[in-house]
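# Report on the structure
Residues per chain, in single letters:
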Amino acid sequence: MKKYSIILALLLLWSCTNMDYDISRGIDKECTLFTDEVSLPIADIGPLSPKQLLGEVDLGSSLGGLFKEDGDGYLVVEKEETIYSNPVLLLFYMSMANPTQPLDVNIDSFTGYPGAPAEGPAGIGFTPALQEFSLYAVNPLTEKITVSGKVTLSPLSSEVFDNVSVAAESENFELFRKEFAGQSIIDVCSMENMVLHLPASFLEKDPLGGLSSITLGYRYKAQLALGTDFPNSIPIPVNDLDLPLGQYRVKEVLLSTEVSNEIPITLVLDSVDVMVKETDDEGNVKTAICDDVSITPGLTIASGCSGAPVVSPLAITIKAKEGTIPDIAGLQLNLSVKAPTGEGDKRLNMNQAISFNKLRATVSGGITIQSL
Amino acid sequence: MKKIVILSFVALAFGSGAWAQNIANPAENAFLENGFVRIGEVQSVSRNNVGAASFLFPSGDKLVTGLHSSISSEEFLSGLKPVNSKYNQIDYNLVSYGWKGRTRGFHTLEVGARVNYGLSVPKEIFQILKTGTAQSPYDLSSLRAFGNAYGEIAYGYSLPLGDRFSIGGRVKLLVGLNSVDLTARQFALTMTEELYKLDLDADIDITSRSKKIGTDDAGYLDYTSFSGKGKLGAPTGGGLALDLGLVWKPFDGFSLSASVLDAGGILWYYGNAGTSSGSYTFEGLKGLTTEEFKQDKIMSRINSLGEEVLAVVKPKAVDGRFKFKTIPLNTNLKASYEMPFWKNLSIEASGLYTGYSYCTPYWEARGGMSLDFPHCFHLGASAGGGACGFVYRANGSVDLQSFRLYASYENGIGGVIPYEGTPLKANNKIILIGLVYLLR
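The structure displayed is predicted, hence computed values, not measured ones.

A word on the overall build of chain A. Each helix and strand in chain A was counted, giving 4 helices and 23 strands. Of all 372 residues assigned to chain A, the portion counted as buried reaches 42%. Taking all contacts inside chain A whose residues are at least 6 apart in sequence as the whole, residues at least 24 apart take part in 85%. Entry remark: accessible area of chain A is about 19,000 Å², with carbon and sulfur atoms responsible for 54%.

Spelled out as C-alpha cells, the structure:
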C-alpha cells in the first residue's frame, strides 16, 4: 500500500505544476490586412455634362451672362442691338417743312461689340465655328422705305449698300446678312453714313402708323468652338480634405478608371501636390506640401466630340516614398487645358458628357488597423 | 487552478476508460462477472484542428496575431487547415444498469443525453484577410455552424464465445431535443477590381420544439419575433444508432478489441427553416452624378446596396423540412498485452477514428501502459498523435467497497507562448468522470 501511495504522490506533484495562462495578456492585436493587395470596384461616375459641372461650381450664372445655349445645347454668343429707332410721328414733324418731298434721315454712326464675349472669361480661348451677322429694319409704314450706308464687320469685311428697299409694314426685314465659317471673331461692328430714305407724305395713307417706330438693328450669333489659346496651368486647390490615412499605414493606392469624353478639350493633370498639416516650433499648425508622397503626374484625358467620345484609361498611383501615406489635409492640382486633338466637331455643347467608368481602387502593402 | 484540480482528481480518482459509456466496446461487458449501476457519468470533449499556436506568434519581445505585419502570409497560412474546425461535445449518462443474464450474455440499459456544437471556418477567409483579394475567386462553402442536443436510450447485449472471444452490440433510440444547423451548398466569392460577386445557396435549420420564429413582411426569418408557449414541447427528431464490438484474446495476456460506435443518425424536423439563395454582383456605384456627390446621398446609395446584399444573405422562411443527420461515428481498435513478469502491468496500443457530418474528421493513434490492481485501483497513461497533434491521457479508477470512481483526463499540446513559457490552450481535450456501484 505504501508503494501505491508513493506513486499517487508523484502524480499529485506533477499535476500541481503551474499551467495557468492568460493569452489575452500582452498580445499586440494590431492587424495588417490584405498585405498583398485588395481591389475594390468603386463607382461609375457620370455622364457629367458641362452644364452640371458649371452648375456645381456656380459658374453657370456668370457664364450665362456671356454665353447661351442654342436649341441643340451648343454654346453660342448671341447679341442683338438697336442701331436706330425713332417714332414715325417724330419723323413726320421733321418733314413738316416740306411734306411733299421725300425725307432723308441721317443716322449717327454706331459701334457695337458683338463677338467680344467670345474672347471669354479669364482668357479662355474660344474660336467661332460659325458666325451669323444680319442687319434688319422695322418699317411700320404702308409704303416701302430705303436705307443706305456702310457696315464694317471688323476684322472680316465691310459692306456698302445703297437704297436697299425695306418692304412696307415689315417687322423684321433683313437688309444685310453675312455668314463666316471658321474665321476670326467679329469683335467690332460699325455703321457709318447710314441714311434712311422716307417717301413724301408718308403719314397721309396711314395716319395711325405714326404711333410706331422705324427701327434699325443688328443680330449676331456665333457658335463657339474651342481654340488653342489656353492658360498654361490652372491651379485647383482641394482644401479641407482631411483624409485620416496615416492610422491605416497604407503604402500605395492605385486608382484607375476609363474616362469617356465628348467634351472637345484635352485635360492634362500636370502635377498633384499632397498637402499635410505640420506644426512648427511655436506650435502653429500650417499646411505644407508633403515631399514623401508621390502621385503619378502627366495624366491626359483626350478630347472628344458630340456622339464620338474618346476613351482614355487613367491610372493614378498615390505612393509613399518612405514609410506610409500620412494624413492628407488637401491636394493641390495643377491642370492644363489643351487644344482639342483629332478630327471632329470642336463645338462646345452643354450636353456633351464626360464619364469616369470603372473607377476602382487597389491598395497594395496592406491596411493596418488596431484590432479586428 | 482548474487544471490542477482536474489532474489531482485524475490521480486520486480512478477508473478505466472502458467503463465510459460512449467510448466503451460493448463486447467488453461480456467478461464482467457481476452487474453494475452507473450514475451520472459526464464526458466533455473538445477538439479543434487548429489551436491558439496557429494564431499567435512571437515578434520581437511581444506576442502578435497571425494578421500582424511582422508575420508573413506563408508563416500564418501554412499553420491553418483547409477547414478549421472547433468541436465540442458533452455527454451525460443519467443512469446505466448492467446485469448478467441467466445464460452467458450480459445486458445493459442506459439513459443519457448528448450535446454537441461547433464551427468550421474555411482557410480562405483568413487568406482574404491576410493577403487580400489577389487570388479570387474563393470557395467558402465549407463554412458551417451547428449545434445538436439529443437523448439516448440504449440497450446492450454482449456474449462471450468461448474463453477467448466475445461480441457485443448496443441499440440506441435517439430522441431529438433541439438542433441548429447552418450549412452552405454554395458560397462563392469573387473579388476583383472589376466586381465583387457573391453566389450563395445556404440553409439555416432550427428546430421548433417550443417556439416558432416569425417572419417579416418580406418573408424573411425575423429572429426578434417568436410565437409559441415557451414550454419544452415535443421531441423534434428521432433516430437509431448501433454500436458493435468484439474482443479477441488469442492467448493469455493479450487481447484485441475493435468497435464501431454510434452508427446511425437522427431524422430532424426543422420547423424554423430558411434558405439564403441568390447572386449579387457589385460593380461599383452606378451612374453617380454631381447631385449625388453629397455625403448623405452617397450613404443612401451604400445603404441601398447593403439592403440588396441582405436580400441575398438573409434566410427566407420556407416550409418546415425533415433532414437526416448522422451523429459522430467512432471506430476504435485496441491491443493490450500484460507483461509476463508482472501481470499488473500492461502495455497498450490503440487507434481511433471519428467521422463527423459537420466538420473535419478526427483520428489518433497512441500507445500507453496501465497498472491494474483488481479490487483496489487502476492507473493508466497513454500518448500519441493524430489529427489535432500530440495527445496524452491519464486515467484511473479506485474501488471503495462496492463503489468504483473513475476519471480520465486527455489533453493535447497547444504550443507555448514564446519567452513566457506558458502553454497555450490545447487543440483537443477530453474530461470524463463517473461513478459505478458494483453489484456483487
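Having seen the model, we can carry on.
So, about the pattern of salt bridges. Residues and elements named next belong to chain B. According to the stated counting rule, one finds 32 salt bridges over all chains in the structure shown. In this structure, the salt-bridge partner of aspartate 181 is arginine 144, at a minimum N-O distance of 2.7 Å. Taken together, the positions of aspartate 181 in strand 8 (residues 165-191) and arginine 144 in strand 7 (residues 144-160) put the pair 37 residues apart, joining distant regions of the chain. Each member of the pair, aspartate 181 as well as arginine 144, carries the same accessibility label: buried. Between lysine 323 and aspartate 203 there is a salt bridge, with the nearest N and O atoms lying 2.9 Å from each other. Taken together, the positions of lysine 323 in strand 17 (residues 321-326) and aspartate 203 in strand 9 (residues 196-206) put the pair 120 residues apart, joining distant regions of the chain.

Now for the confidence of the model for chain A. A residue-level look at chain A finds 83% of positions with pLDDT of 70 or above and a mean pLDDT of 80. Across residues 1-22 of chain A, where pLDDT falls below 50, the model places 26 contacts with residues more than four positions away in sequence or in other chains.

What follows is about a negative patch on the surface. Residues and elements named next belong to chain A. A surface patch of negative charge is lined by Glu278, Asp291, Asp292 and Glu322. By the secondary structure assignment, aspartate 292 is in the loop between strand 17 (285-289) and strand 18 (293-295). In this structure aspartate 292 comes out as partly exposed when scored by relative accessible area, which is 45%.

Turning next to the sheet that holds strand 1 (residues 27-28) of chain A. Overall, mixed pairing links the 3 strands, which are arranged 1(A)-3(B)-2(B) in an open sheet. Whereas interior strands pair on both sides, the edge strands pair on one side only; in this sheet they are strand 1 of chain A together with strand 2 (56-59) of chain B. Direction of pairing for strand 2 of chain B relative to strand 3 (residues 62-65) of chain B: antiparallel, over a ladder of 4 bridges. What sits directly across from Leu56(B), in strand 3 of chain B, is Thr65(B).

Attention now moves to empty space enclosed by the protein. Residue and element names in this part refer to chain B. Using the criterion set out here, one finds 2 cavities of 30 Å³ or more in the structure. Here the largest cavity defines a volume of roughly 70 Å³. Every residue along the wall of the largest cavity is listed here: Arg47, Asn48, Asn49, Ser85, Tyr87, Tyr356, Cys359, Thr360, Pro361, Tyr362, Ala387 and Cys388. When contributions to the lining of the largest cavity are tallied by element, the ones reaching two or more residues are strand 1 (36-48) and strand 4 (83-100). Empty space within the second largest cavity amounts to approximately 30 Å³. Every residue along the wall of the second largest cavity is listed here: Pro26, Asn29, Phe106, Thr108, Gly156, Tyr157, Ser158, Gly169 and Arg170. Listed by contribution, the elements that provide at least two residues to the lining of the second largest cavity are strand 5 (106-122), strand 7 and strand 8.

Residue and element names in this part refer to chain B. With respect to the secondary-structure elements, glutamate 364 resides in strand 20 (residues 362-373). What makes glutamate 364 buried here is its relative accessible area of 7%. In terms of polar contacts, glutamate 364 uses its side chain to reach the side chain of tyrosine 362, at 2.4 Å. At a separation of 2.4 Å, a polar atom in the side chain of glutamate 364 contacts the side chain of arginine 366. Those residues within four positions of glutamate 364 in sequence are excluded, and the remaining contacts are Ser350, Gly351, Leu352, Gly385, Gly386, Val391 and Glu410.

Attention now goes to the nonpolar core. Residue and element names in this part refer to chain A. Counting 103 residues, the largest nonpolar core has Phe133, Leu135, Met191, Leu196, Leu198, Leu216 and Tyr218 as the members making the most contacts within it. Here the element with the most residues in this core is strand 13 (residues 213-226); it accounts for 7 residues. Mapping this core onto the domain boundaries places at least three of its residues in each of domain 1 (31-49 + 232-369) and domain 2 (60-226).

The rules behind the values
Residues numbered from 1 in each chain as written. Chains lettered and ligands numbered in written order. Predicted model: local features only at pLDDT ≥ 70, side-chain atom pairs only at ≥ 80, totals over all residues. Heavy atoms only, no water. Helix = DSSP H or I, 4+ residues; strand = E, 2+ residues; numbered from the N terminus. Buried < 20%, exposed > 50% of the residue type's maximum accessible area, 1.4 Å probe, protein only. Contact = heavy atoms within 4.5 Å. Areas by Shrake-Rupley, 256 points an atom, 1.4 Å probe, with all protein chains shown as cover. Salt bridge = Lys/Arg side-chain N within 4 Å of Asp/Glu carboxyl O. pLDDT = per-residue confidence, 0-100. Patch = residues over 30% accessible without salt bridge, like charges linked within 9 Å, V, L, I, M, F, W, Y side chains within 5 Å. Lys, Arg positive; Asp, Glu negative; His and termini not counted. Charge placed at Lys NZ, Arg CZ, Asp CG, Glu CD. Pairing = 2+ DSSP bridges. 1 Å grid on protein atoms, 1.4 Å probe; cavity = no way out; pocket = protein on both sides within 12 Å on 5 of 7 lines; lining within 4 Å. Points joined across faces, edges and corners; volume = space filled by probe spheres on them. Polar contact = N/O pair within 3.5 Å; in protein donor to acceptor, adjacent residues only side chain to side chain. Core = buried A, V, L, I, M, F, W, Y, C linked by side-chain atoms within 4.5 Å. Domains from an automatic or database assignment.

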